[in-house]
Structures are given as structure tokens and as C-alpha cells.
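Residues per chain are reported as follows:
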Amino acid sequence: MVNFDKLYKKVALQVIERCHGGIKIKKHGKIIEMYDPAKHIWSTGLVGLVIKEECMNANLRDWEISSVRGYVIQELLAKSNT
């Protein structure tokens, strides 16, 4: 049996790694933004697409995207506190 917490955390770390540090949290951990080097802007929708694509690569279902998003927020908050 797969431990889903470990799987979600692994996918969240893949999302953060894919963004190359150009990812941040605004409004007390509620909105994630990612820097788009092609457009030179911070985008809120782009990170959602990255999370969705990484979840699809890990064979997760659509309803599991919110769990992975929560783990991305937790990891970014943990990194900002250190």
C-alpha cells in the first residue's frame, strides 16, 4: 500500500524543484505565485498548471491536486522559516 502523504510530499518537492526557486507565497500562504521568465511577470495561474502536470506525471487524480498544493505551501513556509 502506498503512503499518500509521502507521495504528495515527493510531488510537491518536484514542483518546487521545477520552478527553480522562482516560486513564492502571498497572503499568508493562500496564493502561490511563480515567476515566468518568458513574460517577466509573476503569475498565479502558471504554478497551478505546473502542479497539475506533475500530479498527472505521478498518476494522481484531479481531486489530489489540492493535497499536493497544500504540501507545496508547507514546504515553502518551512524553507522561509530556516
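This text goes with the structure placed above it.
Definitions and limits used
- Residues numbered from 1 in each chain as written.
- Predicted model: local features only at pLDDT ≥ 70, side-chain atom pairs only at ≥ 80, totals over all residues.
- Heavy atoms only, no water.
- Axes fitted to C-alpha atoms, helices over the stretch in contact; angles between N-to-C directions.
- Helix = DSSP H or I, 4+ residues; strand = E, 2+ residues; numbered from the N terminus.
- Parallel < 35°, antiparallel > 145°, perpendicular 65-115°, else oblique.
- Left-handed = near helix turned anticlockwise from the far one by under 90°.
- Contact = heavy atoms within 4.5 Å.
- Nonpolar A, V, L, I, M, F, W, Y, C, P; charged D, E, K, R; others polar.
- Phe/Tyr/Trp six-rings, centres within 6.5 Å; stacked < 30°, edge-to-face > 60°.
- Lys NZ or Arg CZ within 6 Å of the ring centre and 35° of its normal.
- Salt bridge = Lys/Arg side-chain N within 4 Å of Asp/Glu carboxyl O.
- Core = buried A, V, L, I, M, F, W, Y, C linked by side-chain atoms within 4.5 Å.
- Buried < 20%, exposed > 50% of the residue type's maximum accessible area, 1.4 Å probe, protein only.
- Pairing = 2+ DSSP bridges.

Asks: Let's hear about the packing of helix α1 (residues 4-18) against helix α2 (residues 45-57): which residues, and what values?
Replies: Two elements in contact, α1 and α2, have axes separated by 10 Å at closest approach and are oriented at 130°. With respect to each other, α1 and α2 are oriented oblique. Seen from above, α1 lies across α2 with right-handed handedness. Residues Val 11, Gln 14, Val 15 and Arg 18 of α1 pack against Val 50, Ile 51, Glu 53, Glu 54 and Cys 55 of α2. Broken down by class, the residue content of the contact of α1 with α2 amounts to five nonpolar, one polar and three charged.

Asks: Quick rundown of the packing of aromatic side chains? Include the residues and the values.
Replies: The tally for this structure, following the rule as stated, stands at three aromatic pairs. An aromatic cluster is present here, built from Phe 4, Tyr 8 and Tyr 71 joined pairwise through their rings. Seen from the ring of Trp 42, Lys 24 lies directly overhead, with NZ or CZ sitting 4.3 Å from the centre.

Asks: Residues and numbers for the pattern of salt bridges, please.
Replies: Overall, the coordinates contain four salt bridges when judged by the stated rule. Between Glu 75 and Lys 9 there is a salt bridge whose closest N-O contact spans 3.5 Å. Note that Glu 75 is positioned in helix α3 (residues 65-81) and Lys 9 in helix α1, a separation of 66 residues in sequence. A salt bridge links Glu 54 to Arg 18; the nearest nitrogen and oxygen atoms lie 3.1 Å apart. Highlighted residues: Glu 54 in helix α2 and Arg 18 in helix α1, separated in sequence by 36 residues. A network of salt bridges, in which partner residues are shared, links Arg 18, Glu 53 and Glu 54.

Asks: Which residues make up the nonpolar core, and what values go with them?
Replies: Ile 23, Ile 51, Cys 55, Val 68 and Val 72 are the most contacted members of the largest nonpolar core, which totals 20 residues. Going through the elements one at a time, α1, β2 (31-36), α2 and α3 are the ones with two or more residues in this core. Of all the elements, α3 adds the most residues to this core, at six residues.

Asks: Tell me about the sheet that holds strand β1 (residues 23-26), and please be specific about residues and values.
Replies: One open sheet holds the three strands; their spatial order is β1-β2-β3, and the pairing between them is antiparallel. On the outer flanks of this sheet lie β1 and β3 (41-43), each paired with one strand and no other. Averaged over neighbouring strand pairs, the angle between their axes works out to 35° when direction is ignored. Two elements, β1 and β2, share four bridges in a ladder whose sense is antiparallel. Bridging from a neighbouring strand, Ile 23 pairs with Met 34 of β2. Each of β1 and β2 touches α3; the most contacted strand, β1, lies at about 95° to it.

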